[in-house]
Every structure is written in C-alpha cells, then in structure tokens.
Amino acid sequence: MAKQKRKPEYIFEASWEVCNKVGGIYTVLSTKAKTMRDLYKDNVVFIGPDVWEGKDNPWFEEDKTLLADWASMASVYDRLKIRVGRWLVPGNPIVILVDFSQTYAHKDAIYGYMWKKYGVDSLPAYGDYDEASMFAYTTGAVIESFYRFYKLENRNVVAHFNEWMLGMGALYIKDRLPKVGTLFTTHATSIGRSIAGNGKPLYNYLSAYDSDQMARELNMVAKHSIEKIAARQVDCFTTVSDITARECRQLLHREPMVTPNGFEKDFIPVGKEHEDKRLAARRKLINVAEKLLGYDIQPDALLVVTSGRYEYRNKGIDVFIDAMGRLERIKQLEKDVIAFITIPAWIDTARVDLQERLKHKKTPDTPLSHPHVTHWLRNMNNDSILNQVRYLNMENRKEDRVKIIFVPSYLNGNDGIFDVPYYDLLIGMDVSVFPSYYEPWGYTPHESIAFSVPTITTSLAGFGLWMRKMGDKRGMDDGAEVITRDDYNFMEVSEDICNRVFEMTTKSAEQERLLRQAALDRASMADWAHFFVYYQDAYAQALDEAGERGK
C-alpha cells in the first residue's frame, strides 16, 4: 500500500517580494496564492517586508481584526512591529508585513549566532545583505511568535523561505522550532547569476567551477555563504527548473527538488473581451509609434515585444536588437515591424512633446527628436540599448521596415504615455521574443502564451527547457519556438530569431489566429492547476524530515 503523503495544516511563506513588486518572484507567489488559499484557506500566511515607509502599499490592505489577539500580544511582549491584512491578488491571502528596523541594533549578535551555529560568513557583507538578513531574522521571530501563541506544536506546520535574502529565516526556524518543516527555494543561484552577469561562460564550464572560489573572485562571499548553508540545512531544498537544478548541484552542493513555476489564468480575458482588449492595445501601440515617428504605420504591422529586467546580456537584449537589425536588411520584408523594448531603465520623465502629440488624432509629418524612446533617460548617451540601436544605424525612418521603440518605464498604469498596465499592452502584440542567456524560469514567455501571444525563447530559460520536454516543434506553428543557445552561439541565435520573426510577417490573418490559439493551448499545460502538485510533494518531504527530527 502506497504511503500517504503528509499534508501541512499551516503554511508560512516568506519573501522580499510579498506585497513588494520587484521581479519574477512576485509573479510566482502572487499567482500561486489563489491555489494555496483554495486548498488551505486562511491557514496560509505570507510574510513580506514593510518597506513603504508610511505610504500606501498598492498591493496590501490592512485589516486590524485579522489575527488581532496574536498581533496585539506580539507587539507588546515580543516587541514585533507588524501589520496584518490581505494581499490584493487573486485569492486575497492573509499577509503579515514586517518592520525590521529595530533588529539592526542586534545585527552583530545575530551574525555571531549564525556563524557559531551554522558557519554563515557575514563578515564580507555589503550592499543589501544587511537589510535582507535583518528582515529574514525578524521573519523567523514572527513565525515563532505566531506558532507559540496558537500552540501549533502538534500540528503539521511548514515554513517556506525564498532566495538567499530569507536564508537566515530558514536557519532561525530550523534552530528554534525543530518540529516545523523548513523549505528553501533558490530561484537563481547568486553565484550562477553573477558568473553570467560578469560575462563569464557559465554553461560549457559549469562542472569546473568551484563556487566558494568564485564567490571570493566575484565579491559574493556573504550571499553565497547564506544561500549554500540554507540550501544544505533545510528539510526540503527546491528550485524552479531543470537548468537551475544543474547550478544547484554544482554550486550549492545539494540536489534540489524541482518545483516549476505555474501561472494563474483566471484574470486573463477570454472570448469577446479578449479580442476587444487586443484591438484596443494594438490601436494604442500603433498610435504612440505614429506620434513618436511622425508618419502612419501600416494597420497590419507586426508588433514584436521583448521585456523583463534590464540585464543586457542575461536577458538577451543584445541578441534581440541584433536580430531586428538583421531583419531590417531582408529585402523581401513587405510589412512594417514595430519592435517594442519594454524594459524599465533609469528614467527621468515621460516625454512632454510626445504627450502633447498624443492629445491630437492627426499623425504629424515630422519625427520627434530621439525617435526611439518614449521617456527621457537620465543617461541617454550611455544607455546600452540606445547605443546598440545607434551602432546598427536603425534610424526609424518611414522607408525602414523595422522600427525599434524603447519604453523604459514601468508599465504600471500611470507611466504618462501608455497609462495602462503591461498585460494590457502585451495582449496586443503579435509575437514576443526573449532570447535569454541566464533565465532560471522565464515568466515573460510564460505570460506571453497565456495571453495568446506566440513566443520565442531559448533552451537556457527554464520555461524553454520545459517546453522542449513537452515536445516543442521546429518553427512557430505550435505557438512557441525554443532556440538552442549556449555560451558561444550569439550569431546563430540572432539569425534564428530574425528568420522566425520574418516568418511571422508572412502569415495570413487566419494563420495568425491559429497561432494565437496554439500558444494558449500550450499555456494551459503550465498553470498552477498542473504544477502545484510539486509543492505538495515538497511540503510532504519537509514534514517527513521534521517528523524524524521530532522523534
């Protein structure tokens, strides 16, 4: 008879990105929340940093009636500064925001304790290490306070910590609450990301890297130390993809459980609403392009997008621009291609001259100065994206088939030019391109196909690798293309992307519709309904290990 998997009765999950939209981990947790609450109700508690300093947090709604008896006690007796409420995402789970400022006074003692107990080397720490560690340690104290107040000693409890920033929280719980099952997830190893970001070849030589030596070389000793020790000490260590699992084995010296990232599709429009939003997004994108460039764009122009964090090499931004330069040189290209780079950068303000033009319906007959950018940058002359566009002589003239438009603002609904969220523009695109070199999962292509936008990604993205395992066909006909990428094939990847986007310009309206449906069908295989079972396995493993400790 098969052994029954142990199920958690309480789940604490902590991250720097709970109610704090920074990057992809926010998407992981905020989309997973609904599935978790459906399964575990209000016994799921997320914990995040209270970093808004008195300003309203747009993702958090305080509720002083929630857990009020404990919160009052914790404030008075445990001297914890916390706010309890709901996370304003699907599922509206309970969330505790932690003010950890008072913990700094004990920083040296905490680092001493972590060194003596676990060997965590905090001495070379700099930058955001102190802030993250003080939050992590305080998070451990919050979980302990909750656990003891509600007398959970005989309940199945798991505490889940995300990324090196929460490593000290995991170690705190392992020491102070040995019956609690601990989980630690590395979404990207700090050393792997640093090797890639510093232009070193990560993949061809991965088996030869000594992570401790690389940590010294790259000035990453403290972050690597807490990450490696947390990974080895917790009851269940997880990562998000097979490609990152390779890093973990070599650089953190522990085999992780792979828990792929899902997506919550309930908020994605369907049917007529989807088509209406798609057409509205196209009109907005083409209108901004026309006002910026000073001429009419073909109504059936192919709209292409890349997006994500401004990691010029890691995210493959350099390859994308190079591919668009190649596409411009194809003489058979008969359709306008508008390539949008929606990547937040160091912006000054939205362009007032562009805002003025957007007030009028008529398309002007002259371009604005700097016709590649929608918002002024503080470092216009030193921006890598604009420098590469200039180097390739992509001038955005009317006779040029390929136009590149850099949107360097967060698309949060009030950027001053588009004034709609990213998803409300993504839905209007015809194809997305994410030629990642370092991408532990890759929510950008995942989101793209969820919104029925065919996507191109690489074999070095976790999501791309997953699509390969599911049977990716050559070409765009299944709604996605996974291009093989390694340390040295930049030119081949660029050429391949160029050819795939050119292929998209030759599709009929009916073929485009079938491609969008194929992309959606692919996305339906990668939602949380399919992927949350991996977390349930992780919880069971953590509880089994904690149970052995408690005997």
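Located above this text is the structure these notes cover.
Parameters at a glance
Just so you know, the residues in each chain are numbered from 1, in the order the chain's sequence is written. Two thresholds apply to this predicted model, a pLDDT of at least 70 for residue-level local features and 80 or more for giving and counting side-chain atom pairs, whereas whole-chain, interface and lining totals are computed over all residues. Side-chain measures were taken over the full set of non-hydrogen atoms in the model, leaving aside hydrogen atoms and water. Note on conventions: DSSP H or I runs of at least 4 residues are helices, E runs of at least 2 residues are strands, and numbering of each starts at the N terminus. By this rule, a helix spans an expected 1.5 Å times one less than how many residues it contains. Burial classes: relative accessible area under 20% of the type maximum marks a residue as buried, over 50% as exposed, and values in between as partly exposed (1.4 Å probe, protein chains only). Any carboxyl oxygen of Asp or Glu within 4 Å of a side-chain nitrogen of Lys or Arg constitutes a salt bridge here. The contact rule is simple, with two residues in contact once any of their heavy atoms fall within 4.5 Å. Whether two strands pair depends on DSSP finding at least two bridges between them. Helix axes are fitted only over the stretch in contact, all axes being lines through C-alpha atoms; the angle between N-to-C directions runs from 0 to 180 degrees. Crossing chirality is assigned from the near helix's rotation relative to the far helix, an anticlockwise turn below a right angle marking it left-handed and a clockwise turn marking it right-handed. Classification used: nonpolar for Ala, Val, Leu, Ile, Met, Phe, Trp, Tyr, Cys and Pro, charged for Asp, Glu, Lys and Arg, polar for all others including Gly.

**Q** For this particular structure, what's the right way to read helix α17 (residues 490-505)?
**A** It helps to recall that an α-helix has 3.6 residues per turn; residues three or four apart then point in one direction. Across its 16 residues, α17 extends 23 Å between first and last C-alpha, which sits within 8% of the 22 Å expected from 1.5 Å per residue. Among the residues of α17, those classed as buried are V493, S494, D496, I497, C498, R500, V501, E503, M504 and T505.

**Q** Looking at this structure, how should I read the pattern of salt bridges?
**A** Opposite charge on two side chains permits pairing when their charged atoms draw close. As enumerated under the stated definition, the model contains 41 salt bridges in all. Across the pair D42 and R86 runs a salt bridge, and its minimum N-O distance is 2.9 Å. A residue pair is termed long-range when its members are at least 10 positions apart, and D42 in the loop between α1 (24-40) and β2 (44-49) and R86 in strand β4 (residues 81-87) qualify at 44 residues. Taking the relative accessible area as the measure of exposure, R86 reaches 17% and is therefore buried. Note that E503 is salt-bridged to R500, the shortest N-O span being 3.1 Å. In this pair, E503 and R500 both sit in helix α17, 3 residues apart, roughly one turn of the helix. Under the relative-accessibility criterion, R500 is labelled buried at 11%. Taken together, the salt bridges that share partners define one network made up of E481, D496, R500, E503 and K507.

**Q** Any chance you could explain the environment of I427 here in plain terms?
**A** Tracing the backbone shows I427 in the loop between α14 (423-426) and β15 (431-433). We classify I427 as buried; its relative accessible area is 1%. Separated by 222 residues in sequence, I427 and Y205 place their C-alpha atoms 39 Å apart. Leaving out residues up to four positions away in the same chain, I427 has contacts with P269, H274, K277, R278, A281, F451 and V453.

**Q** So what exactly am I meant to see when it comes to helix α15 (residues 443-450) here?
**A** α15 sits mainly inside the fold: 8 of its 8 residues count as buried. S452 occupies a position one or two residues after α15 and carries a positive phi of about 65°.

**Q** Sorry, what's going on with unusual backbone geometry here?
**A** Trans peptide bonds make up the majority, and among non-glycine residues the majority have a negative phi. Despite not being glycine, H253 shows a phi value in the positive range, around 65°. Topologically, H253 is positioned in the loop between α9 (242-252) and β9 (257-258). Unlike most non-glycine residues, N396 shows phi in positive territory, near 60°. With relative accessibility at 3%, the residue N396 sits in the buried group.

**Q** Would you mind showing me how to read the sheet that holds strand β16 (residues 455-458) here?
**A** The pairing of strands in a sheet comes from backbone hydrogen bonds and takes either a parallel or an antiparallel form. Here we have 6 strands laid out as an open sheet, ordered β14-β11-β10-β15-β16-β17, and parallel in their pairing. Pairing within the sheet leaves two strands with one partner each, and these edge strands are β14 (402-407) and β17 (480-483). Neighbouring strand axes in the sheet, compared pairwise and without regard to direction, differ in orientation by 20° on average. Taken strand by strand, helix α16 (residues 462-471) contacts β16 and β17, and its axis lies near 110° from that of β17.

**Q** Any chance you could explain the packing of helix α3 (residues 107-118) against helix α5 (residues 167-176) here in plain terms?
**A** Packing of α3 against α5 brings their axes to within 12 Å, and their N-to-C directions diverge by 65°. Crossing angle aside, the handedness with which α3 passes α5 is left-handed. From α3, I110, Y111, Y113, M114, K117 and Y118 reach across to α5, where they touch M168, L171, Y172, K174, D175 and R176. Of the residues in the contact of α3 with α5, the class split is 8 nonpolar, no polar and 4 charged.

**Q** What exactly am I supposed to notice about the pairing of strand β5 (residues 94-99) here?
**A** Successive residues of a regular strand alternate their side chains across the two faces of the sheet. Of all the 6 residues making up β5, 5 are buried; the element is thus mostly covered by neighbouring parts of the structure. As paired strands, β2 and β5 are joined by 5 bridges and run parallel to one another. Following the sheet pairing, G48 is matched in β5 by L97. Relative to β5, β4 is paired through 6 bridges, and the arrangement is antiparallel. Residue pairing in the sheet places G85 in a bridge with V95 of β5. The antiparallel hairpin formed by β4 and β5 contains 6 residues in its connecting segment, where G91 sits at a positive phi of about 100°.

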